[in-house]
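# Chain and residue survey
Chain residues, written in single-letter form:
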Amino acid sequence: MREMAEQTGLVDAVSAALADTYQGRWLHAPGRVFCDLAVAVADGADAISGISVLTDRQDLHGPVASMPTTWRVLDRVDPAHLDEVRGARAVARAAAWAAGAGPDLDAELCLDFDATITIAHSEKENAAATWKKTFGFHPLLCFLDRPEVAGGEALAGLLRPGNAGSNTAADHITVLDLALAALPEQARPRLGDPTGPRLLARSDSAGATHAFAAACRDRGVGFSFGFPVDWRIQTIVDAIPEPCWHPAICTDGDLRDGAWVAEATGLVDLSGWPDGARLILRKERPHPGAQLSFADADGMRITATLTDTPPGVVPGQAAGLELRHRQHARVEDRIREAKATGLRNLPCRAFNENAAWLEVVLTAVDLVCWTQQIGFADQPELARCEIATFRYRVLHVAARLTRTSRQTWLRIDKTWRWAVQIAEGFHRLRTAFT
């Protein structure tokens, strides 16, 4: 992954972004320090001191900055330079996608928005009580849905105090703009061009605000939001005739037993939403032992989806739209993977340092994604595995450095099950950027 950071230009781009924070020459380039910390985080570090894992093996990694030097680099990332670091990540993403790590741009790109709570166990700037009666931060994240990678691809994140609201439209709009800026130019929406890439913003009911929907429409991005289920929805469910309910479908296209969907666009006042908004209802028999809420009707679990996708775009009609929105649940796995890659802890006291740490975590998630896509695309057991498994199978393999005939060799234990795949992965990575 250190080679990935170099080959994509991430090291040089971050160094250029932070160059004006130095008065003289540096011993360790800030981009190198930033990327080394991201690699350490991907390798399992959950604090700045984790970079010592690389420092202790300079025979393998070369000169690596110390923990105090790494902390000073994070401290240099103020809000203005944070935007430049984000721009550096966008440059690296474009290079990685050009080398083969990108998704299919002919298909719809789904931007999944969700917030999570990061608990603070000590006094930190802007840490506050959360709605879950804990104490810490409430960052809002956006992942590009990549079903072929367990951790997805991290586009943007906004660090917020713990008491930040879940359905704050301004924060969702900010993260949307950051996510679009993080995409390569050829993947961004083009207003008025039907042949351009199709993007969809997916969120649970926290993102279902008029302002966020309007912002998506203004930027040429479709939306699919969870719609709050209240007494109006209950009344509609009772009023929809039974023949209007159609079986829900599964990801493999089979019918889902015990679940039905129906379109209720004309039964609810959607005048406050952008033109073309559609409301899709779903009712399902709850799983054994599940408790119903007051919003459920006749023993059925009721959920609702609001989208502006026109008819005929998604196969399966209303059932297809509901299935597509239900796949937003994958963002929970992305967040779980990110928490296993440094997001579980914000280690610094200053807010700007923790915001920089969040950017390091998102960079680590991207480096893992790109490495899996380029180096192991034909090995599903390595390309699709979660970060803990990827560390065990690839990053922590036993090997030995030898030097003969003025050449340095990395000799991987040949009895390791994935030794051949790891060696081929190195060659593919270097060939992809040649």
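Residues numbered from 1 in each chain as written. Predicted model: local features only at pLDDT ≥ 70, side-chain atom pairs only at ≥ 80, totals over all residues. Heavy atoms only, no water.

Another point: the packing of helix 2 (residues 10–18) against helix 7 (residues 79–101). One can describe the packing of helix 2 onto helix 7 by two numbers: an axis separation of 9 Å at closest approach and a directional angle of 160 degrees. Classified by the angle their axes make, helix 2 and helix 7 are roughly antiparallel. Our pair here, helix 2 against helix 7, has a crossing hand that is right-handed. Along the contact surface, helix 2 presents Leu-10, Ala-13, Val-14, Ala-17 and Leu-18, while helix 7 presents His-81, Glu-84, Val-85, Ala-88, Arg-89 and Ala-92. Across the contact of helix 2 with helix 7, the residue classes break down as 8 nonpolar, 1 polar and 2 charged. (Axes fitted to C-alpha atoms, helices over the stretch in contact; angles between N-to-C directions. Helix = DSSP H or I, 4+ residues; strand = E, 2+ residues; numbered from the N terminus. Parallel < 35°, antiparallel > 145°, perpendicular 65-115°, else oblique. Left-handed = near helix turned anticlockwise from the far one by under 90°. Contact = heavy atoms within 4.5 Å. Nonpolar A, V, L, I, M, F, W, Y, C, P; charged D, E, K, R; others polar.)

It is worth spelling out the environment of Gly-136 at this point. Note that Gly-136 resides in strand 4 (residues 135–137). Separated by 19 residues in the primary sequence, Gly-136 and Ile-117 have C-alpha atoms spaced 7.1 Å apart. Sequence-distant contacts of Gly-136, defined by excluding residues within four places in its chain, comprise Thr-118, Ile-119, Ala-120, Asn-126, Ala-127, Ala-128, Thr-130, Pro-161 and Gly-162.

Now for the sheet that holds strand 7 (residues 199–203). Spatially, 9 strands are ordered 6-5-1-7-8-12-11-10-9 in an open sheet, and the strand pairing comes out mixed. Only two strands of the sheet have a single partner each, and these edge strands are strand 6 (153–158) and strand 9 (246–249). Here the average twist between neighbouring strands, direction ignored, is 25 degrees. Inspection of the sheet shows strand 1 (residues 109–115) paired to strand 7 by 4 bridges, in the parallel sense. For Cys-110, the partnering residue across the bridge sits in strand 7 and is Leu-200. With respect to the sheet, helix 13 (residues 351–375) is in contact with strand 5 (140–144) and strand 6, its orientation differing from that of strand 6 by roughly 170 degrees. (Pairing = 2+ DSSP bridges.)

Distances and angles like these do not, on their own, reveal function.
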